[in-house]
Amino acid sequence: MSWLVGTFGTAIGKKLFMSVTGLCFCLFLVGHLAGNTLLLSGADAFNAYAAKLQSLGALLRIMEAGLIFFAVVHVGTGLYLFYQNLQARPVRYRVNASGGGQTLGSATMPYTGVLILAFLLFHLVQFTFVDKGDAGVYALVAAAFAQPFYVGLYILAMAVVGVHVSHGFWSAFQTLGMNHDKYFGLLRMGSVVFAVVLAAGFAFLPVFVGWVA
Amino acid sequence: MATIDLTLKIWRQNSPRDKGRFETLAARGISTDMSFLEMLDVVNEQLTLDGREPICFDHDCREGICGMCGAVINGRPHGPQRGTTLCQLHMRHFADGDTLAIEPFRARAFKVVKDLVVDRSALDKVMVAGGYIAANTGSAPEANATPIAAATAELAMDAAACIGCGACVAACPNASAMLFVGAKVSHLGLLPQGRPEAARRVLAMVREADRQGFGNCTNVTECEVECPKEISIANIARMNREFLKAAIASRER
Ligand code: FES
């Protein structure tokens with residue numbers, strides 16, 4: 001048993017939790033975005049997709065439970081790392097400067113993370129844990145995005161997600177020990193491209209739905 | 001000989017328990033051919049003549065190979081010049097009239113002893129935990145009996161360039177020592193002579209770094225940029241790899 005604590009309780013062990021759960025969320029986001037693009041095809045297509053998802057029954061419940069568990073691990077470990085890292089430098093520098101290593105993403109990970117959590121809770125309350133009535137989920141989404149306030153809020157939230165993913169994606173590979181001369185540049189750049197595509201893709205949907213409605 | 005005048009806002013702290021404060025000192029007529037430490041020597045001579053306490057700072061070789069020197073200049077460990085220790089940083093990189101904030105390396109694991117002098121023995125503790133190989137005594141083995149690819153030897157040599165100055169810790173927003181640990185794990189683990197202890201080494205060194213109170217690496221890469229020996233973060237990934245392998249597949253606990 002002690003070797004388990006001595007493995008997963010260390011600085012590297014905790015980062016492994018962050019890395020594996022983070023990569024799973026990246027996969028989830030790709031799937032979520034792919035599904036949501038059906039919003040472009042109109043109410044019938046999107047409602048049919050929602051119904052199809054619900055018809056998965058137990059399988060869907062298991063996936064949801066998995067996502068919640070991963071979120072608890074990711075957020076919990078992240079907050080603990082943040083706390084420990086603050087403790088590791090009790091007296092701060094009076095003058096702070098960057099040598100150029102940090103990026104917008106890496107410098108703000110804990111903050112963007114907390115913002116994403118807040119957005120996620122709001123998003124779930126707005127579209128998931130809500131009575132969808134007879135009109136179906138598309139009507140709910142369309143009604144929300146007819147209001148510019150929600151469109152703006154979602155665009156902002158997606159920008160935050162993009163910033164978080166731009167560092168998180170390549171960082172997850174680095175933590176898993178995957179750093180190779182030949183692919184490293186590609187990975188760093190790919191991480192930013194992936195984040196931008198993801199954020200822009202998601203942000204486009206409220207704009208489109210709002211404009212159609 | 002070109003000379004410049006500088007204003008130093010320098011950290012003064014009498015003891016580990018003292019709260020410390022910035023003191024403003026003038027450094028006048030500094031030759032641009034001097035190193036940063038020589039500039040501090042000049043300031044210290046004046047302070048001594050004035051009957052004041054000179055600034056304490058660490059140094060030894062003054063040629064960038066021992067790892068004793070180091071301070072944070074305007075927020076940058078070892079100053080603004082890439083791949084350069086403080087003792088090798090020349091005053092020509094500063095302009096007449098500049099104000100320089102000079103602070104010690106700050107981390108919970110690095111206690112300030114006095115002024116700019118910090119106790120970096122936490123890094124030594126990490127070395128004691130696993131930074132060694134076993135070499136049998138007796139007649140020397142034939143040098144060519146163990147072939148090592150040139151590229152591998154180069155990688156090990158790059159990692160071995162680490163002088164253990166602690167700038168990575170000072171630069172890291174999390175005060176993590178992973179660039180140091182990664183360099184040591186790589187330097188010893190890349191070569192066949194270091195393989196027998198590889199699994200035990202990486203587990204012991206990573207755990208000891210935690211015990212010493214260093215922070216957790218979040219891949220911000222400030223360390224790589226500030227390292228006077230330009231050690232690559234590829235060494236951190238190698239350590240992560242070795243750690244995972246050792247934890248899951250080796251018999252070490
Ligand atoms: S004094 Fe030896 S490295 Fe600077």
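Residues numbered from 1 in each chain as written. Chains lettered and ligands numbered in written order. Predicted model: local features only at pLDDT ≥ 70, side-chain atom pairs only at ≥ 80, totals over all residues. Heavy atoms only, no water.

Let's talk about unusual backbone geometry
Residues and elements named next belong to chain B. In this structure, A175 is a non-glycine residue whose phi angle is positive, near 50 degrees. Position of A175 relative to the elements: it lies in the loop between helix 4 (167-171) and helix 5 (178-189). Unusually for a residue other than glycine, T221 sits at a positive phi of about 70 degrees. Checked against the element boundaries, T221 lands in the loop between helix 6 (198-211) and helix 7 (222-226). Residue class for T221 comes out buried when judged on its relative accessible area of 7%. (Helix = DSSP H or I, 4+ residues; strand = E, 2+ residues; numbered from the N terminus. Buried < 20%, exposed > 50% of the residue type's maximum accessible area, 1.4 Å probe, protein only.)

Observations concerning the interface of chain B and chain A
Interface size is commonly expressed as the accessible area that is lost once the parts come together. With 47 residues of chain B in contact, the opposing surface of chain A contributes 41 residues. Of the roughly 3600 Å² buried between chain B and chain A on both sides combined, carbon and sulfur atoms contribute 54%. Together, R106, N216 and N219 of chain B form the three largest contributors to the area buried by chain B at its contact with chain A, with a combined 17%. On the surface where chain B and chain A come into contact, there are zero salt bridges. Inspection of the chain B/chain A interface yields 27 residue pairs in polar contact (both at pLDDT 80 or more). Those elements giving two or more residues to the side of chain B that touches chain A turn out to be strand 5 (99-103), helix 4, helix 6, helix 7 and helix 8 (234-249) of chain B. (Contact = heavy atoms within 4.5 Å. Buried area = accessible area lost by both parts, 1.4 Å probe. Salt bridge = Lys/Arg side-chain N within 4 Å of Asp/Glu carboxyl O. Polar contact = N/O pair within 3.5 Å; in protein donor to acceptor, adjacent residues only side chain to side chain.)

Looking at the sheet that holds strand 1 (residues 3-12) of chain B
All names here are of chain B. In spatial order, the strands read 2-1-5-3-4; together these five strands make up an open sheet with mixed pairing. Strand pairing shows two members of the sheet lacking a second neighbour, strand 2 (21-31) and strand 4 (76-77), which therefore form its edges. Note that strand 1 and strand 5 share four bridges and pair parallel. Residue pairing across strands places I10 opposite I102, the latter belonging to strand 5. On the sheet, helix 1 (residues 36-49) packs against strand 1, strand 2, strand 3 (72-73) and strand 5 and is oriented at approximately 105 degrees with respect to strand 2. (Pairing = 2+ DSSP bridges. Axes fitted to C-alpha atoms, helices over the stretch in contact; angles between N-to-C directions.)

With respect to the packing of helix 6 of chain B against helix 8 of chain B
Residue and element names in this part refer to chain B. Orientation of helix 6 relative to helix 8, taken along the N-to-C sense of each, is 110 degrees, at an axis distance of 9 Å. Here helix 8 runs roughly perpendicular to helix 6, going by the angle between their axes. Facing helix 6, whose interface residues are A198, A199, V202, L203 and V206, helix 8 presents M239, E242, F243, A246 and A247. Residue composition of the contact of helix 6 with helix 8, by class: nine nonpolar, no polar and one charged. (Parallel < 35°, antiparallel > 145°, perpendicular 65-115°, else oblique. Nonpolar A, V, L, I, M, F, W, Y, C, P; charged D, E, K, R; others polar.)

Considerations on the nonpolar core
Most often, soluble globular proteins keep nonpolar side chains buried together rather than apart. Core analysis: the biggest nonpolar cluster contains 78 residues, and V165 of chain A together with F110, M178, V181, F214 and M239 of chain B have the highest contact counts within it. The leading source of residues in this core is helix 7 (residues 148-175) of chain A, at nine residues. Shared between two domains, this core holds at least three residues of each, these being domain 1 (3-113) and domain 2 (121-252) of chain B. Contacts of M239 of chain B, omitting those with residues within four sequence positions, involve I12 of chain A together with M178, V181, G182, V185, V202 and V206 of chain B. L6, L8, M34 and L89 of chain B belong to the second largest nonpolar core, which has 28 residues in total. (Core = buried A, V, L, I, M, F, W, Y, C linked by side-chain atoms within 4.5 Å. Domains from an automatic or database assignment.)

Honestly, that's just the spatial picture; any functional story needs more than this.
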